[in-house]
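An overview of the molecular structure
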Amino acid sequence: VQKLRLILGDQLNASHSWYRVKSPNTLYVIAELHQEASYTRHHVQKVSAFFAAMAAFAHALKQAGHRVLHLTLDETSQYQDLPALLRDLIECYQTREFEYQLSDEYRLRQQLSVFSKSIEVSVQAYESEHFYLSDAELPDYFTAGKKHRLEHFYRKLRVRFNLLMEQDKPQGGQWNYDADNRQKLKVSDFNDVPTPLLFTNDVRPILQRLKRHNIETIGVAQDYLLWPITRCQANQLLAHFCRYCLIRFGRFQDAMTSKLDPKLGALGEDKQWTLYHSRLSFAINAKLISPKRVVDTAIAAYEAANGEITLAQIEGFVRQILGWREFVRGVYWANMPEYATLNNLSATRDLPSWFWNGDTKMNCLHHAIKQSLDYSYAHHIQRLMVTGNFCLISGIDPDQVDDWYLGIYIDAIEWVEMPNTRGMSQFADGGIVGSKAYAASGNYINKMSDHCGDCRYQVKQSHTEDACPLNALYWRFMEQHIDDFSANPRTKMVYANWLKKPIEDRELILARAENLLSHIDDI
Ligand code: FAD
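These numbers come from a predicted model, not from an experiment.

With that settled, the discussion passes to the packing of helix H9 (residues 231–245) against helix H12 (residues 291–304). Direction vectors running N to C along H9 and H12 enclose 30 degrees, while the axes themselves pass 10 Å from each other. Between H9 and H12 the crossing geometry is right-handed. Each of Asn 235, Leu 238 and Cys 242 in H9 lies in contact with H12, whose residues at this interface are Arg 293, Val 294, Thr 297, Ala 298 and Ala 301. Along the lines of polarity and charge, the residues of the contact of H9 with H12 split into 5 nonpolar, 2 polar and 1 charged.

Take a look at the structure:
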């Protein structure tokens, strides 16, 4: 073999220019590795999804006439890490060239860069040819430490890629339709919630391998994985989204529910956690499908719907992929490796034990965590305003918060997980990603969900024994960071309201917060 080409588990991009030419002298290597299955404690569905998608990709490449070596944990367990395996393969196949695609994750990019310098054969690294912005042009948009703003970046990309534009103006005259979106889901809306498209990929052999090789995981295992693992399944999920979910995507993007209405019987558990979300993040992040294809297909569906799907829905969707997804990647690469150490609010508390089992009396947190353990999935607002908000206002160490998110979600790869978690949700980057800390009291949860009605705690109370813990924790957090936030125009009003409260009330609220924090594992 003349050339050895490495394909990482999140580089399953069948449209990559590598595959335009077939050569018996090029060997593609796809390998399950202990180091990848255990760099954090992953959700079992996440490891199964990556391993199953890798196997399917290897199979598809072989079918297309390429020479492929797919190695399972059984074959790679003897190697200490990826470089050890590669070194052995290069020697064994007597290859003269080693090629790889640039990893999206700092850890692996470093490892492969060091490895490349240590070998005798010639080395070439390629772009992954997946994102709107190439690696090479990221520095044109992002600078280390700079407080970039999504809105500015997003508008530039809308213009550059000519998406939802009328000449040089945004379609409809507005860039942002957030005000039309973000409604609560009412019982009368339940009937419309679509039945999700769930797959049944048999991953039993993978689960057995994980056991055999003592890979420690979290969460509920599924023998038949519901996540898409091939390009074809990703396309089916996209088509399902465009057909059934896009129509109300923006409107209910932030909604949360735990109501299984007995009369309607309609909102079964499956519909409850999926709502109108695309659940495409794993497929996109593993590069089974490209962001361009997702956005173009959704825009085509919007245009074909002749007004039935409103601009607010499609704009909300495009903003997430063209905007947020590309934006957090730029922030990550401009700021790594320092970004991983930022702790602007000096948060040091341990993550409560119930993050690992959902065993808390707070209904919203119980629900979001249990769902994450069951499905390796929570939607954006559950991540940001339920679990993320709790960690923020309780002052949990961002290293532990990052680690939890990196492990538990099906789509969690560090480049996208970390700016969202450490940055947007924990404000540990001091505002590089977002202009304010997303801190909220129980009031927000009550506005966007039906969790509070069934909760053991009272959302309208702040300092009593039964009061929603989020209320006291919120006020304590705001009080504690008064110097950090009071100058921000977005939080000025909050401080005015706090100071309007009688001093005795403020003291009772702060005392309640301290009390909650002192037995945080039991709330
Ligand atoms: P939809 O709601 O259907 O949105 C469509 C697509 O938009 C997603 O598939 C995703 O590709 C993209 N998108 C939406 N929001 C973001 C965002 N903020 N950043 C990047 N892409 C976005 N997303 C990940 O892919 N991996 C992560 O590890 C991750 N960690 C997160 C941690 C926290 C604390 C928060 C607040 C958000 C995180 N997100 C992460 C972003 C977002 O929550 C998920 O992308 C989304 O919930 C995935 O579900 P979906 O595919 O149904 O998304």
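Now, onward.
Here Arg 476 shows up in helix H19 (residues 469–480). On the basis of relative accessibility, which here comes to 12%, the residue Arg 476 falls in the buried class. In this structure the C-alpha to C-alpha distance between Arg 476 and Ser 394, which are 82 residues apart in sequence, comes to 8.7 Å. Apart from the residues within four sequence positions on either side, Arg 476 is in contact with Arg 349, Ile 393, Leu 510, Ala 513, Glu 514 and Leu 517.

So, on to helix H16 (residues 398–408). In terms of burial, H16 is largely enclosed, as 8 of its 11 residues are buried. Listed in full, the buried residues belonging to H16 are Pro 398, Val 401, Asp 402, Trp 404, Tyr 405, Leu 406, Gly 407 and Ile 408. In this structure, the buried residues of H16 make contact with helix H2 (44–63), helix H14 (363–375), helix H15 (380–394) and helix H17 (414–425). The backbone nitrogen of Asp 399 lies 2.9 Å from a side-chain oxygen of the residue at the head of H16, namely Asp 397.

What follows is about helix H7 (residues 150–160). Among all positions of H7, only Leu 150, Phe 153, Tyr 154, Leu 157 and Arg 158 are buried. The buried residues of H7 all sit within an arc of 135 degrees when viewed along its axis, so they share a single face. A positive backbone phi angle near 50 degrees is found at Asn 162, which sits one or two residues after H7.

What follows covers the pairing of strand E2 (residues 26–31). Across the 6 residues of E2, 6 count as buried, placing the element largely inside the fold. Direction of pairing for strand E1 (residues 3–6) relative to E2: parallel, over a ladder of 4 bridges. In the sheet register, Leu 6 faces E2, and the bridge partner there is Val 29. Sheet analysis places E2 next to strand E3 (residues 67–71), joined by 5 bridges and oriented parallel. Opposite Tyr 28, over in E3, you have Val 68 as the bridge partner.

Of all residues adjacent to the ligand, which total 28 residues, the nearest are His 277, Ser 278, Arg 279, Asn 285 and Tyr 377. Separating an oxygen atom of the ligand from a backbone N or O atom of Ser 281 is a distance of 3.0 Å. Note that an oxygen atom of the ligand is positioned 2.7 Å from one of the side-chain N or O atoms of Tyr 377. Summarising the interface, the protein chains cover 99% of the accessible area of the ligand, which totals 810 Å² for the free molecule. Of all the secondary structure elements, the ones that give two or more residues to the shell around the ligand are helix H11 (281–285), helix H13 (311–335), H15 and H17.

Following the sequence through the fold, Ile 299 ends up in helix H12. Accessibility expressed as a relative area gives 8% for Ile 299, which makes it buried. Residues Ile 299 and Cys 242 lie 57 residues apart in sequence; the distance between their C-alpha atoms is 9.0 Å. Among all residues touching Ile 299, those that are not within four sequence positions of it are Leu 163, Leu 164, Ile 314 and Val 318.

A few words now on the domain arrangement of the chain. How big an interface is tends to be stated in terms of the accessible area lost upon association of its parts. Along its sequence, the chain is carved into domain 1 (3–126), domain 2 (146–335) and domain 3 (353–522). Once you take the C-alpha centre of each, domain 1 and domain 3 turn out to be 39 Å apart. Every contact between the two is made by 13 residues of domain 1 and, on the other side, 16 residues of domain 3. In total, about 1100 Å² of surface goes out of reach between domain 1 and domain 3, with carbon and sulfur atoms giving 54% of it. At the junction of domain 1 and domain 3, the tally comes to 7 residue pairs in polar contact (both at pLDDT 80 or more).

Time to look at the nonpolar core. Across soluble globular proteins, nonpolar side chains show a tendency to be buried alongside one another. The biggest cluster of nonpolar side chains holds 157 residues, and the ones touching the most others in it are Leu 365 and Phe 390. It is H13 that contributes the most residues to this core, 12 residues altogether. Of all hydrophobic cores here, the second largest spans 22 residues; its members include Leu 27, Val 29, Leu 33 and Leu 85.

This paragraph deals with the sheet that holds strand E5 (residues 122–126). Pairing is parallel in the open sheet, where 5 strands are placed in the order E3-E2-E1-E4-E5. At either end of the open sheet lies a strand with only one pairing partner, and these are E3 and E5. Each strand of the sheet is rotated relative to its neighbour by a mean of 20 degrees, with strand direction disregarded. Its contacts with the sheet place H2 against E2 and E3, and it is angled at close to 160 degrees to E3. Contacts between helix H4 (residues 82–92) and the sheet are confined to E1, E2, E3 and strand E4 (97–101), with E1 contributing the most and set at about 160 degrees to the helix.

Each value, and the rule that gives it
The residue count restarts for each chain, going from 1 along the sequence in the order it is written. The model is predicted, so local features are restricted to residues of pLDDT at least 70 and side-chain atom pairs to those at 80 or more, both for listing and for counting; the totals for chains, interfaces and linings are taken over all residues. Side-chain numbers here rest on the full set of heavy atoms in the structure, without hydrogens or water. Axes here refer to lines fitted to C-alpha atoms; in helices the fit is confined to the stretch in contact. Angles between the N-to-C directions go from 0 to 180 degrees. A run of DSSP states H or I qualifies as a helix once it reaches four residues; a run of E qualifies as a strand once it reaches two. Both are numbered from the N-terminal end. Here a crossing is called left-handed whenever its near helix is offset anticlockwise from the far helix by less than a right angle, and right-handed whenever the offset is clockwise. Whether two residues touch is decided by their heavy atoms; if any such pair falls within 4.5 Å, the residues are in contact. Residue polarity follows a fixed list, in which Ala, Val, Leu, Ile, Met, Phe, Trp, Tyr, Cys and Pro are nonpolar, Asp, Glu, Lys and Arg are charged, and the others, Gly among them, are polar. For every residue, the accessible area obtained with a 1.4 Å probe (protein chains only) is divided by the maximum for its type, and the residue is called buried under 20%, exposed over 50%, and partly exposed between those limits. Side-chain atoms alone can form a polar contact between residues adjacent in sequence; in general such a contact is a pair of N or O atoms within 3.5 Å, and within protein one must be able to donate a hydrogen while the other accepts it. What the arc covers is the set of directions going from the helix axis to the C-beta atoms. Here, any two strands with at least 2 DSSP bridges between them count as paired. Think of it this way: one heavy atom of a residue within 4 Å of a molecule or strand is enough to make that residue near it. Each accessible area is a Shrake-Rupley estimate made with a 1.4 Å probe; only the visible protein chains count as cover when residues are assessed. All domain edges in this entry derive from an automatic or database-based domain assignment. A 1.4 Å probe defines the accessible area here, and the buried area is the portion of it lost by two parts on being joined, summed over both. Residues enter a nonpolar core if they are buried and are Ala, Val, Leu, Ile, Met, Phe, Trp, Tyr or Cys, with the set joined through side-chain atoms within 4.5 Å.

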